[in-house]
Each structure stands twice: as C-alpha cells, then as structure tokens.
Amino acid sequence: MQFTTNLTYVLIVFTAVLLSLVRAAPLIARDVYVPPITYPHPGTIWKIGSYHNVTWDTTNPPEHITNSVGRIVLRKGVLATDIVLKSGFNILDGRVVVQVPKVTPDKDYSLVLFGDSGNFSPQFTITH
Ligand SMILES: *[C@@H]1O[C@H](CO)[C@@H](O)[C@H](O)[C@H]1NC(C)=O
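Residues numbered from 1 in each chain as written. Predicted model: local features only at pLDDT ≥ 70, side-chain atom pairs only at ≥ 80, totals over all residues. Heavy atoms only, no water.

### Observations regarding the side chain of H52
Right, so step 1: Its location among the elements puts H52 in strand β3 (residues 51–56).
Right, so step 2: A polar contact is formed between the side chain of H52 and the side chain of S50, at a distance of 3.1 Å.
Right, so step 3: When residues no more than four places from it in sequence are discounted, the contact partners of H52 are Y39, W46, K47, V96, V97, V98 and V100. (Helix = DSSP H or I, 4+ residues; strand = E, 2+ residues; numbered from the N terminus. Polar contact = N/O pair within 3.5 Å; in protein donor to acceptor, adjacent residues only side chain to side chain. Contact = heavy atoms within 4.5 Å.)

### Brief notes about the sheet that holds strand β6 (residues 95–99)
Right, so step 1: The strand order β1-β3-β6 describes an open sheet built from 3 strands, whose pairing is antiparallel. The strands lining the two open edges of the sheet, one partner per strand, are β1 (37–39) and β6. Across the sheet, the axes of successive neighbouring strands diverge by a mean angle of 35 degrees, strand direction being ignored.
Right, so step 2: Strand direction decides the pairing type here: β3 and β6, joined by 5 bridges, are antiparallel. Pairing of H52 across the sheet is with V98, part of β6. (Pairing = 2+ DSSP bridges. Axes fitted to C-alpha atoms, helices over the stretch in contact; angles between N-to-C directions.)

### Notes on the pairing of strand β5 (residues 79–90)
For a regular strand, side-chain orientation follows a simple rule: the groups alternate between the two sheet faces.
Right, so step 1: Note that strand β4 (residues 69–76) and β5 share 7 bridges and pair antiparallel. Across the sheet, residue G70 finds its bridge partner in β5, namely F89.
Right, so step 2: Once β4 ends, the chain turns through 2 residues before running back antiparallel as β5, passing G77 with a positive phi of about 65 degrees.

### Comments concerning the environment of N53
Right, so step 1: With respect to the secondary-structure elements, N53 resides in strand β3.
Right, so step 2: For the pair N53 and V97, spaced 44 residues apart in sequence, the C-alpha separation works out to 4.3 Å.
Right, so step 3: If near-sequence neighbours (up to four positions away) are discounted, N53 is found in contact with Y39, R95, V96 and V97.
Right, so step 4: Here R95 takes part through its side chain, which lies 2.8 Å from a polar atom of the side chain of N53.

### Points about the environment of T44
Right, so step 1: Residue position: T44 is located in the loop between β1 and β2 (45–47).
Right, so step 2: Spatially, the C-alpha atom of T44 lies 6.2 Å from that of T125, the residues being 81 residues apart in sequence.

### Remarks on the pattern of salt bridges
Right, so step 1: Under the counting rule described, the total for this entry stands at 2 salt bridges.
Right, so step 2: Residue D106 is joined to K76 by a salt bridge in which the shortest nitrogen-to-oxygen separation is 2.8 Å. Taken together, the residues D106 in strand β7 (residues 106–114) and K76 in strand β4 connect sequence positions 30 residues apart.
Right, so step 3: Note on D106: relative accessible area 28%, which makes it partly exposed.
Right, so step 4: The class of K76 is partly exposed, set by a relative accessible area of 29%.
Right, so step 5: Residue K76 is joined to D108 by a salt bridge in which the shortest nitrogen-to-oxygen separation is 3.0 Å. (Salt bridge = Lys/Arg side-chain N within 4 Å of Asp/Glu carboxyl O. Buried < 20%, exposed > 50% of the residue type's maximum accessible area, 1.4 Å probe, protein only.)

### A closer look at unusual backbone geometry
Right, so step 1: The linkage connecting Y39 with the following residue, P40, adopts the cis geometry, with an omega of 5 degrees.
Right, so step 2: Despite not being glycine, N60 shows a phi value in the positive range, around 55 degrees.
Right, so step 3: Residue position: N60 is located in the loop between β3 and β4.

### So, the pairing of β4
Right, so step 1: Here 6 bridges tie β4 to β7, and the two strands are oriented antiparallel to one another. Directly across from R71, in β7, lies its bridge partner F114.

So this is what it looks like as structure tokens:
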C-alpha cells in the first residue's frame, strides 16, 4: 500500500515536470511573430481581377523571427480556402500586392497572413 502510494506520487510529479518542460520548450525556442493586418478592413470592397496592397503593422517585431517568410491565404466565413494570394515575401515588408481571385462574390471574405502563425483580417467584400 505504502509502496503503491509513493509510486503513484512519483509518477504524478514526473508527469507534471515532463509536461511543463514540453510546454515551456516552444516559448524558449521560438519568437512567434504575428503582425496585425491593417488592410483590407471592414468596409473594404475588392473587385475580382484588381490589384491591392495588403498591409500589416510591422512595428515591434521580435529580435529573432522564427519564420520570416510570409504567405497570404483567402478565407471565407470561418473556413480557410485553398487559394494562396501570395507567398514567399518577407513578413517585415509590411505590404504586398495581391490580385483579387475569381471567386463567388460575397461579403464574408477575409485574409490570413502567415508567418510563424496565422493572423486574420476583418471580413470584407469581393465583388464583380
Ligand atoms: C502598392 O503600394 C506601393 C507603395 O505605396 C505603390 O507604389 C503601389 O502602386 C501600390 N499598388 C497597388 C496595386 O495599390
């Protein structure tokens, strides 16, 4: 009985230590950088085929960015589409020109800017 209790205690402590190490590791190893998108914003209307600068705020980036290669993906409603508007640019550029893709016109599109992680824009409209 005594042995079992001690063993259980040791296992619990060991597991807790292991979990805290696993959780802490990514924070130590990475500087996650997710700059907020400033354009498009609510009220923005994009015509299919036209070109626009997507812009984002690049103030206060961390010293060491884990992944500085950016990618912009179109999202509709709450679902990401497989439409990549741009990739391979520097996340510190603060803007990149994209062409509005031929999609069904609607008012619930948004963009996801990926660097280390994804950051959504507000929803905006794509029209003919
Ligand atoms: C994007 O921004 C750059 C710099 O302000 C400007 O020269 C260019 O004309 C813009 N392009 C579009 C499509 O708005």
